[in-house]
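For reference, the chains in residue letters:
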Amino acid sequence: MLAQFGFGMFVLTFLLSLFSMVTAVLGYFNKSDRWVETARRAMLLTFPLITLAALTLIFLLVSGHYELEYVYSVTSNDMPLYLKITALWGGQAGSLVLWSWLMAAFASAVTLRKWERDRELLPWVIVVTSVTLAFFLSLSIFYENPFVRWWQTTGGEFVQRMFAPAGAIAITPTDGQGLNPLLRHPGMILHPPMLYLGFVAFVIPFAFAIAALVTGRSDDRWIRLTRQWTLVAWLFLSLGLVLGMRWAYDVLGWGGYWAWDPVEIAALMPWLTGTAFLHSVMIQEKRGMFKQWNMLLIILTYSLVIFGTFLTRSGVLSSVHAFSQSAIGPMFFAFIGITFVTSVALLIYRWKDLHSDVEMSSMFSREALFLLNNLLFMGVLIVCFWGVIFPLISELVTGQKVTVGPPFYQRANAPLFGALMALMGIAPLSAWGKSTFKTLGRALWKPSIPSAIVPLVLVILGVRNWIAMVGFTLIAFVIFVTLFEFWRGARSRQKKTSEVFLVSLWQLARRNRRRYGGYLIHISMVVMAIGILGIELYQTTTQKTLAVGEDIQIAGYTLRYDSLAQFPYTDGRIVTRAVLSVFQGGKFLGELYPRYDYYPSGQLMTIAGVRSTLADDLYVVLVNWENVSAAQTPFKVYHNPLVNWLWIGSLIFIFGFLVAAWPVREADIQER
Amino acid sequence: MNIKNFTIVIVYLLLLAAALVPVMVVSAQQPTPSDDQVNAIARKLYCPVCENTPLDVCPTTACHQWRELIRQMLAEGKTEAEIKRYFVDYYGARVLSEPPVTGINWLMYIVPPVLFLGGVYLLFRAFQTWKRLGKDPVSGADKPAKPVVGPEPTIGSGLAASDEYVARIEEELEKRK
């Protein structure tokens, strides 16, 4: 009964989104405010309706209605309450519901704002958001319905349907399969909602961009209106990516955080164009240039958002993440094709209107460096996109599937990211408009000096790897330049106001949130790069089968195998756990407890024993895919230098973002 | 014993000794390759059946057997290149972490740098056009820059930039009077 109710709410929401789309279009062409207002209210109504559907599904998950196929596949009796709730996005059907729910939420939030100044944009914002919402709802209604239930047909076959097939009887299993243990990690609980928040939030600036194109507006009002949306979308997308990295590191058991897996890249690509867009719109706001390019960037971001969701859902590129193959692939493909072609056609139609006189007289001006930033991000995008679709092309043309693995991406992207790091150090000291090699050089030489000491220090420490030398020097360069900017600004302010230095610093950041928040984010990125360089260049690993009492050595550490135990846990899983003692130079450092859990559903989860310090991680895994017994226990140990700076950097990132995006009270600063 | 029989015995003993030599060679072979030696090669290969999983961390029984196969091949003295070629011959190019540079796979390596360089070229050409447009057609001097929207001044050098801050702060303090 409840399931039918939930499904009914879906259908209603779907019809309502179609209705709001049609009335918005009619309202625009008939110049009727009443029609547009009807469309707006219809859009607003989609949110409560789909909330009812989503809450129904959550209730069904929590109360163990295993007659529903989705509930059966992602929950079980032994799961705690909070996991049953998060099981909403544990499978394909539920994730699509989450996507639609968030889309309706954001679309409604946007329609709730004051529209007096921008009345003409409203109909098209509604059209774009309702088209997107309708698409995802149609996937849920026609292909991946979470409300289908189990039936047994007269032939004895088990099927999943919304409504009873002729002569079939309803089946109610007494327990479910349970959530895949890999998903029971805090990172995996937060990672899909964060990513989806980011994906869906990017639809809003896109909607405004299309509205500006259709209505022929060539000013940057749409950018100012959606600035906060762009920032928030970018924040969630970034956090979603970092959480995914943390989850992979903790749970997948191969001591790494990023495998250049197609689904990881699918989430990275909109982030790349999103970051380029974030920077590029600053040129448009300051100098009124590159309107056409910014339009193209947001169109690309939207298409990559849908493409990213498509890659995860359609199974077209199987990977560690991919869910099973489903018929929604062609639907996605068609939707991306139609929306991309339509958007680009619109852009071409308005091409001349968006033209602006480009005032760029120097390659060393800030505008030029922003363009270089965009070029580099596009470069990474091309590498990623090509690497992801090439196996498909190869399979289509030659029939043979190939693997494009980490070496390709690392080799191609490393210099591009290196150049981006260099830019992060140079661009803050550049000036808008006229700037020459000399003026830029003069600005740069002071903060560059401390960074020149870094290679010397590295050589003394024994570093011989040239990539490490260049990488760490660039990191130091960015940090020194950015801190110099903070110091310089605070000092100037202090001179005028005689405040205490720290107060000056605080006031400086308060009055220039975007700039100094952005600087903090740059610092966070290079701090993350410290972790990345450490683990990528200096990770070592060793594997050995030990008997109790024996030890395994790596990177100056000795790990002695003390004991092995196997015991059941409260939720029915069998835990096999080893105890190892860690020594360094004879000194006892602590114990590690690598284990693996065997779930009643037959699924296995490997959890590493990790010792984390600022300098490195010691990461031990019980190699459960080889034979394990107390007498012969295989262990795999990873030594990951500097990896924790990756997570520290992400915390700095959050702080920097708060500084950059915190709403400002005074209206006059707001309009900057 | 006559000379003939003695010779036969000696030859027979020598043949026996010669037959023992390969046995000695085999038992004097290097010890079983360690897990680390196997993994050094396995991590460069991908599981032929699971998707996108490197062979050194793949948990399936099949992968376990493949790793043992690598161990055996290493014990036989095969090199990394030979082992890789064996896997490619049996399971196809997908076991490698990068497509071999044959046939259509050339495209994979060529397209990104070509596109990127294309982008660099386009940007460079655009710069030249903008520079040309930015100059006064008669005198050749730079046209005056359009005023910048927002409080940040257009001209700044390393030295003047601190004045930029001072100017901005003065401006804001004025606003607050």
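Residues numbered from 1 in each chain as written. Chains lettered and ligands numbered in written order. Predicted model: local features only at pLDDT ≥ 70, side-chain atom pairs only at ≥ 80, totals over all residues. Heavy atoms only, no water.

### Considering the overall build of chain B
- Looking only at helices and strands, chain B features six helices and zero strands.
- Beginning at the N terminus, the succession of helices and strands in chain B can be written as α-α-α-α-α-α.
- When the 177 residues of chain B are sorted by exposure, 29% land in the buried category.
- Considering only contacts in chain B between residues 6 or more positions apart, those separated by 24 or more positions represent 41%.
- Only carbon and sulfur atoms are counted for the fraction: they give 66% of the accessible area of chain B, which is about 11200 Å². (Helix = DSSP H or I, 4+ residues; strand = E, 2+ residues; numbered from the N terminus. Buried < 20%, exposed > 50% of the residue type's maximum accessible area, 1.4 Å probe, protein only. Contact = heavy atoms within 4.5 Å. Areas by Shrake-Rupley, 256 points an atom, 1.4 Å probe, with all protein chains shown as cover.)

### A short note on the layout of surface pockets
- The space that makes up the second largest pocket amounts to roughly 1300 Å³.
- In terms of lining, the second largest pocket is formed by 38 residues, of which the most central are A:W293, A:L296, A:L300, A:M378 and A:L381.
- Breaking the lining of the second largest pocket down by element, the ones donating at least two residues are α12 (291–314), α13 (328–349) and α14 (366–398) of chain A together with α5 (106–134) of chain B.
- Of the residues that constitute the lining of the second largest pocket, the class distribution is 29 nonpolar, eight polar and one charged. (1 Å grid on protein atoms, 1.4 Å probe; cavity = no way out; pocket = protein on both sides within 12 Å on 5 of 7 lines; lining within 4 Å. Points joined across faces, edges and corners; volume = space filled by probe spheres on them. Nonpolar A, V, L, I, M, F, W, Y, C, P; charged D, E, K, R; others polar.)

### A closer look at the sheet that holds strand β13 (residues 633–641) of chain A
All names here are of chain A.
- Within the open sheet, the four strands sit side by side as β4-β13-β12-β11. Their pairing is antiparallel. Each edge of the open sheet is held by one strand with a lone partner, namely β4 (540–546) and β11 (609–612). Each strand of the sheet is rotated relative to its neighbour by a mean of 15°, with strand direction disregarded.
- As paired strands, β4 and β13 are joined by seven bridges and run antiparallel to one another. Bridge pairing in β13 places Q543 opposite K636. (Pairing = 2+ DSSP bridges. Axes fitted to C-alpha atoms, helices over the stretch in contact; angles between N-to-C directions.)

### Examining the confidence of the model for chain A
Residue and element names in this part refer to chain A.
- For chain A, mean pLDDT is 89; residues scoring 70 or higher make up 97% of the total.
- Residue range residues 319–324 is modelled with pLDDT below 50. Its contacts to residues more than four positions away, or to other chains, number 23 contacts.
- When the criterion is pLDDT under 50, residues 667–672 qualifies, and its contacts beyond four places in sequence or with other chains add up to 13 contacts. (pLDDT = per-residue confidence, 0-100.)

### Points about helix α16 (residues 437–461) of chain A
Residues and elements named next belong to chain A.
- Taking 1.5 Å of rise per residue, the 25 residues of α16 would be expected to cover 36 Å, and the 34 Å separating its terminal C-alpha atoms lies within 8% of that figure.
- W445 marks the point of greatest bend in α16, at about 45°, and the proline P447 comes within the next four residues.
- Taken residue by residue, α16 has T439, L440, A443, L444, P447, S451, V454 and L458 as its buried positions.
- For α16, the secondary structure elements touched by its buried residues are α15 (406–426) and α17 (466–497).
- Backbone geometry just after α16 places G462 at a positive phi near 100°. (Expected span 1.5 Å × (residues − 1). Bend = angle between axes of the 7 residues up to and from the residue.)

### Re the pairing of strand β6 (residues 557–568) of chain A
Residues and elements named next belong to chain A.
- Relative to β6, strand β5 (residues 551–554) is paired through four bridges, and the arrangement is antiparallel. Within β6, the residue paired with D551 across the bridge is R560.
- The loop that links β5 with its antiparallel partner β6 comprises two residues; one of these, A555, has a positive phi angle of about 50°.
- Looking at chain direction, β6 and strand β7 (residues 574–584) are connected through eleven bridges and run antiparallel. Bridge pairing in β7 places Y561 opposite L580.
- Between β6 and β7, which follow one another and run antiparallel, lie five residues, and G572 among them has a positive phi close to 95°.

### A few points about the pattern of salt bridges
Residue and element names in this part refer to chain A.
- One pass over the structure, following the stated rule, counts 26 salt bridges over all chains.
- D118 is the partner of R221 in a salt bridge, and the nearest nitrogen-oxygen pair spans 2.7 Å. Here D118 lies in the loop between α5 (92–111) and α6 (122–142) and R221 lies in helix α9 (residues 221–225), a separation of 103 residues in the sequence.
- The class for R221 is buried, based on a relative accessible area of 15%.
- A salt bridge links E499 to R493, with the shortest nitrogen-to-oxygen separation between them at 3.2 Å.
- A cluster of three or more residues bridged by salt bridges with shared partners is formed by E37, R40, R41 and R119. (Salt bridge = Lys/Arg side-chain N within 4 Å of Asp/Glu carboxyl O.)

### Let's talk about the domain arrangement of chain A
- For chain A, the assigned domains are domain 1 (1–179), domain 2 (406–535 + 653–670) and domain 3 (540–646).
- Its C-alpha centre places domain 1 of chain A at a distance of 44 Å from the equivalent point of domain 2 of chain A. (Domains from an automatic or database assignment.)

### Remarks on unusual backbone geometry
All names here are of chain A.
- You will see that F290, though not glycine, has its phi angle at about 65°, which is positive.
- By secondary structure assignment, the location of F290 is in the loop between α11 (262–287) and α12.
- For F290, a relative accessible area of 9% translates into the label buried.

### Overview of the pairing of β7(A)
Residues and elements named next belong to chain A.
- Among the eleven residues of β7, eight are classified as buried, and the element is accordingly described as predominantly covered.
- With five bridges connecting them, β7 and strand β8 (residues 587–592) associate as antiparallel partners. Within the sheet, the bridge partner assigned to Q584 lies in β8 and is K587.
- Connecting β7 to the antiparallel partner β8 that follows it, the hairpin turn spans two residues, and G585 within it adopts a positive phi of roughly 60°.

### Description of the state of the cysteines
Residue and element names in this part refer to chain B.
- Per the stated rule, a full pass over the model turns up one disulfide over all chains.
- Across the disulfide, C58 is cross-linked to C63 (sulfur-sulfur distance 2.5 Å). Taking the sign of the S-S torsion, about 65° here, the bridge from C58 to C63 comes out right-handed. Just as C58 is buried, C63 falls in that class too. (Disulfide = S-S within 2.5 Å.)

### Details of the confidence of the model for chain B
Residues and elements named next belong to chain B.
- Within chain B, residue pLDDT values average 77, and 69% of them lie at 70 or more.
- Taken as a whole, residues 147–161 scores under 50 in pLDDT and shows 28 contacts with residues more than four places along the chain or in a different chain.
- Model confidence for the complex: the whole-complex pTM is 0.88, and ipTM, which rates the interface, is 0.84.

### Focus on the sheet that holds strand β2 (residues 158–161) of chain A
All names here are of chain A.
- Read from one edge to the other, the open sheet built from three strands follows the order β2-β1-β3, with strand pairing classed as antiparallel. Looking at strand neighbours, the two that pair on one side only are β2 and β3 (169–170), the edges of this open sheet.
- Where strand β1 (residues 149–152) and β3 come together, two bridges link them in antiparallel fashion. Along β3, the bridge assignment pairs W151 with A170.

### A look at the side chain of A:H522
Residue and element names in this part refer to chain A.
- If you trace the backbone, H522 turns up in helix α19 (residues 513–538).
- The buried category is assigned to H522, whose relative accessible area is 18%.
- When near neighbours in sequence (up to four residues on either side) are disregarded, H522 contacts H279 and M424.

### Brief notes about a nonpolar patch on the surface
- Together, B:F6, B:V9, B:I10, B:L13, B:L14 and B:L16 make up a nonpolar patch on the protein surface, roughly 550 Å² of accessible area in all.
- As for its placement among the helices and strands, B:I10 is situated in helix α1 (residues 3–27). (Patch = residues over 30% accessible without salt bridge, like charges linked within 9 Å, V, L, I, M, F, W, Y side chains within 5 Å.)

### A short note on the packing of α17(A) against α19(A)
Residues and elements named next belong to chain A.
- Packing of α17 against α19 brings their axes to within 10 Å, and their N-to-C directions diverge by 160°. One element, α17, and the other, α19, form an angle in the roughly antiparallel class. Classified by chirality, the crossing of α19 by α17 is left-handed. Listed contacts from α19 to I467, A468, G471, F472, I475, V478, I479, T482, L483, E485, F486 and G489 of α17 are R515, Y516, Y519, L520, I523, V526, A529, I530, L533, L537 and Y538.
- The residue makeup of the contact of α17 with α19, split by class, is 18 nonpolar, three polar and two charged. (Parallel < 35°, antiparallel > 145°, perpendicular 65-115°, else oblique. Left-handed = near helix turned anticlockwise from the far one by under 90°.)

### Remarks on the nonpolar core
- The biggest cluster of nonpolar side chains holds 174 residues, and the ones touching the most others in it are A:W99, A:F208 and A:W222.
- Apart from the residues lying within four places of it in its own chain, the contact partners of A:W222 are A:P205, A:F208, A:A209, A:A212, A:F277, A:M295 and A:I298.
- Judged by nonpolar contacts, the second largest core, of 17 residues, contains B:A42, B:C47, B:C63 and B:M73. (Core = buried A, V, L, I, M, F, W, Y, C linked by side-chain atoms within 4.5 Å.)

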